[in-house]
Amino acid sequence: MSCDFVSLANPGVQALRPYQPGKPIEELQRELGIEHIVKLASNENPLGPGARAQQAICNHLAELARYPDGAGFALKQALAEKLSVRPSQITLGNGSNDVLNLIGLAFLNPSASAVFSRHAFVVYPIMTQYLGARAIEVPARDWGHDLAAMQAAIADDTRVIFIANPNNPTGTWLGHQALRRFLQQVPEHIVVVLDEAYAEYIHDVDYADGLALQREFANLVVTRTFSKAYGLAGLRAGYALASEQITDILNRVREPFNVNSLAQVAAVAALADDDHLQHSIRLNDDGRRQLEQGLAGFGLSFIPSQGNFICFDTGTDATAVYQKLLQQGVIVRPVVPYGMPHHLRVSIGLAAENDRFLDAMKAVL
Ligand code: PMP
């Protein structure tokens, strides 16, 4: 006798399609039997972790038999100093994805709804679904968040609004006044999540200052990560900045040791390594120009991005282009799960990796 456990799973889980990560390099190596693969699929820092973070990890190896500091004292202290906030406003997470999840766990349930934009980071709809909440997906404007439409979509049962700034995979971003006006209109009992996973890369002077807005709006939660510009995606460290009350609530649903000790020491070291951060940002600026010029040279249009990735229109079935790029040893990211069947997202890599991608595109086209 066998049980159908799918029918026994929570209703929101039954029809769930799991998050599809970028294809791992090793997997393509096994499939193609070729050595030199370029992966520009997961918005990782092509420089890798900085030397100071690496050293901090090495220094801590002998301590691994011990549990990490569940309160993350040193990392919160370092963040508080850098960002001029109180440690009691910081929630640490196993990546910022974990922090997003804590917000969902704390505020979403089958009698609540969450508002987010079409083409926004796919973790928002996935989380909303498995928590059994109602998803209110708002059509995008020029691939970006349509704040007026999002405000109009708020329902009586809305508990959380997710905003990615800049958004992944589109790279679109919001200006300060537009976001401030939006926050002024949102009822203050609704938690607004401002997901700033790529904030460090942004140069636009008009880019919304999430920290300043958090000081003004007690219902705003800003999330950030060490996975992108700080080059620590494999370690999983992220954080939320929020009011002390919301931070206390997130802490109630947090696993006791959700951030491992290597992640904590590496993140502290990475925060102090401004050279590596600035190098990463410059490399990203140069790589963005290189990819934009290359794509424009092929006559392909792309969505202007301030992140470490560019979403471009293949003008055809993007899955076929993706497959052909794989044959060339280049992994990019299909964005079909984002409702974008003609686009591909390419992460900005080292100059040589970007060239490899452009060469492969030339061959494919
Ligand atoms: N938010 C956005 C917009 C992202 O693109 C990502 C990573 N793809 C995350 C959050 C989560 O990243 P992490 O868990 O590595 O911090």
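The shown structure was predicted, so the numbers you read here are calculated from the model rather than taken from an experiment.

Overview of the overall build of the protein
Counting its secondary structure elements, the protein contains 15 helices and 13 strands. For the protein, the C-alpha radius of gyration of 21 Å lies close to 21 Å, the compact-globule estimate for 365 residues. C-alpha atoms of the protein, sized along the principal axes, occupy 60 × 55 × 50 Å. Looking at the protein residue by residue over its 365 residues, the buried ones come to 54%. Taking contacts inside the protein between residues at least 6 apart in sequence as the whole, the part at least 24 apart equals 74%. Working note: accessible area of the protein is about 16,500 Å², and carbon and sulfur atoms make up 51% of it.

Re the site of the ligand
Taken together, Gly95, Ser96, Asn97, Phe121, Asn168, Asp195, Ala197, Tyr198, Thr225, Ser227, Lys228 and Arg236 are the residues near the ligand. Within the side chain of Thr225, a nitrogen or oxygen atom sits 2.5 Å from an oxygen atom of the ligand. One nitrogen or oxygen atom from the side chain of Ser227 is found 2.6 Å from an oxygen atom belonging to the ligand. If the ligand stood free it would expose 400 Å²; the protein chains cover 94% of that surface. Its residues assigned to classes, the shell around the ligand shows three nonpolar, six polar and three charged.

Some thoughts on the pattern of salt bridges
Taken as a whole and assessed by the stated rule, the structure comprises eleven salt bridges. Measuring nitrogen to oxygen at the nearest pair gives 2.9 Å for the salt bridge that ties Glu27 to Lys23. Judged by its relative accessible area of 29%, Glu27 is partly exposed. Here Glu137 makes a salt bridge to Arg118, at a shortest N to O gap of 3.3 Å. Highlighted residues: Glu137 in strand S4 (residues 134–138) and Arg118 in the loop between strand S3 (113–117) and helix H7 (123–130), separated in sequence by 19 residues. Each of Lys23, Glu27 and Glu31 takes part in salt bridges that share partners, so that together they form one network.

Let's talk about the packing of helix H6 (residues 96–107) against H7
Two elements in contact, H6 and H7, have axes separated by 10 Å at closest approach and are oriented at 40°. Of the possible angle classes, the one that applies to H6 and H7 is oblique. Crossing geometry of H6 relative to H7 is assigned as right-handed. From H6, Asn97, Leu100, Asn101 and Gly104 reach across to H7, where they touch Val123, Tyr124, Met127 and Tyr130. Its residues assigned to classes, the contact of H6 with H7 comprises five nonpolar, three polar and no charged.

Side note on empty space enclosed by the protein
Using the criterion set out here, one finds three cavities of 30 Å³ or more in the structure. If you go around the largest cavity, you meet 15 residues; those closest to its centre are Gly70, Ala71, Leu92, Arg254 and Asn258. Here the element with the most residues in the lining of the largest cavity is strand S2 (residues 90–93); it accounts for three residues. Looking at the lining of the largest cavity residue by residue, the class counts come to six nonpolar, six polar and three charged.

Brief notes about the nonpolar core
One finds Leu79, Ile161, Ile163, Leu179, Phe182 and Phe226 to be the most contacted residues of the largest nonpolar core, which totals 52 residues. No other element matches helix H12 (residues 261–271), which puts six residues into this core. In this structure, Phe182 is in contact with Leu147, Met150, Gln151, Ile161, Ile163 and Val192, ignoring residues within four places of it in sequence. Counting residues in each nonpolar core, the second largest holds 33 residues, with Leu102, Ala114, Ile126 and Val193 among its members.

Considerations on the sheet that holds strand S10 (residues 309–313)
Strand order across the open sheet formed by four strands is S9-S10-S13-S12, with antiparallel pairing between neighbours. The sheet is open, and its two edges are formed by strand S9 (302–303) and strand S12 (333–334), each paired on a single side. Bridge analysis of S9 against S10 gives two bridges, and the strand direction is antiparallel. The residue of S10 that forms the bridge with Ile303 is Cys311. Across the sheet, helix H13 (residues 274–297) is in contact with S9, S10 and strand S13 (343–347); its angle to S10 comes to roughly 10°.

Section: the pairing of S3
Along S3, five of the five residues are buried, which leaves the element largely enclosed by surrounding structure. Here S3 runs beside S4; their pairing, made up of five bridges, is parallel. From the neighbouring strand, Ser117 faces S4, where its bridge partner is Val138. Tracing the backbone out of S3, into H7 and back to the parallel element S4 gives a crossover that is right-handed.

As for the sheet that holds S2
Here we have seven strands laid out as an open sheet, ordered S2-S8-S7-S6-S5-S3-S4, and mixed in their pairing. Both outer strands of the open sheet, S2 and S4, are each paired with one neighbouring strand and no more. Strand-to-strand, the axes of this sheet are offset by a mean angle of 20°, without reference to chain direction. Against the sheet, helix H11 (residues 244–253) touches S2, strand S6 (191–195), strand S7 (220–225) and strand S8 (238–241), its axis set at about 30° to S2.

About the criteria used
- Residues numbered from 1 in each chain as written.
- Predicted model: local features only at pLDDT ≥ 70, side-chain atom pairs only at ≥ 80, totals over all residues.
- Heavy atoms only, no water.
- Helix = DSSP H or I, 4+ residues; strand = E, 2+ residues; numbered from the N terminus.
- Rg over C-alpha atoms; globule rule 2.2 N^0.38 Å.
- Buried < 20%, exposed > 50% of the residue type's maximum accessible area, 1.4 Å probe, protein only.
- Contact = heavy atoms within 4.5 Å.
- Areas by Shrake-Rupley, 256 points an atom, 1.4 Å probe, with all protein chains shown as cover.
- Near = heavy atom within 4 Å.
- Polar contact = N/O pair within 3.5 Å; in protein donor to acceptor, adjacent residues only side chain to side chain.
- Nonpolar A, V, L, I, M, F, W, Y, C, P; charged D, E, K, R; others polar.
- Salt bridge = Lys/Arg side-chain N within 4 Å of Asp/Glu carboxyl O.
- Axes fitted to C-alpha atoms, helices over the stretch in contact; angles between N-to-C directions.
- Parallel < 35°, antiparallel > 145°, perpendicular 65-115°, else oblique.
- Left-handed = near helix turned anticlockwise from the far one by under 90°.
- 1 Å grid on protein atoms, 1.4 Å probe; cavity = no way out; pocket = protein on both sides within 12 Å on 5 of 7 lines; lining within 4 Å.
- Points joined across faces, edges and corners; volume = space filled by probe spheres on them.
- Core = buried A, V, L, I, M, F, W, Y, C linked by side-chain atoms within 4.5 Å.
- Pairing = 2+ DSSP bridges.
- Right-handed = clockwise from strand over helix to strand, strands pointing away.

Read these as geometric descriptors, not functional statements.
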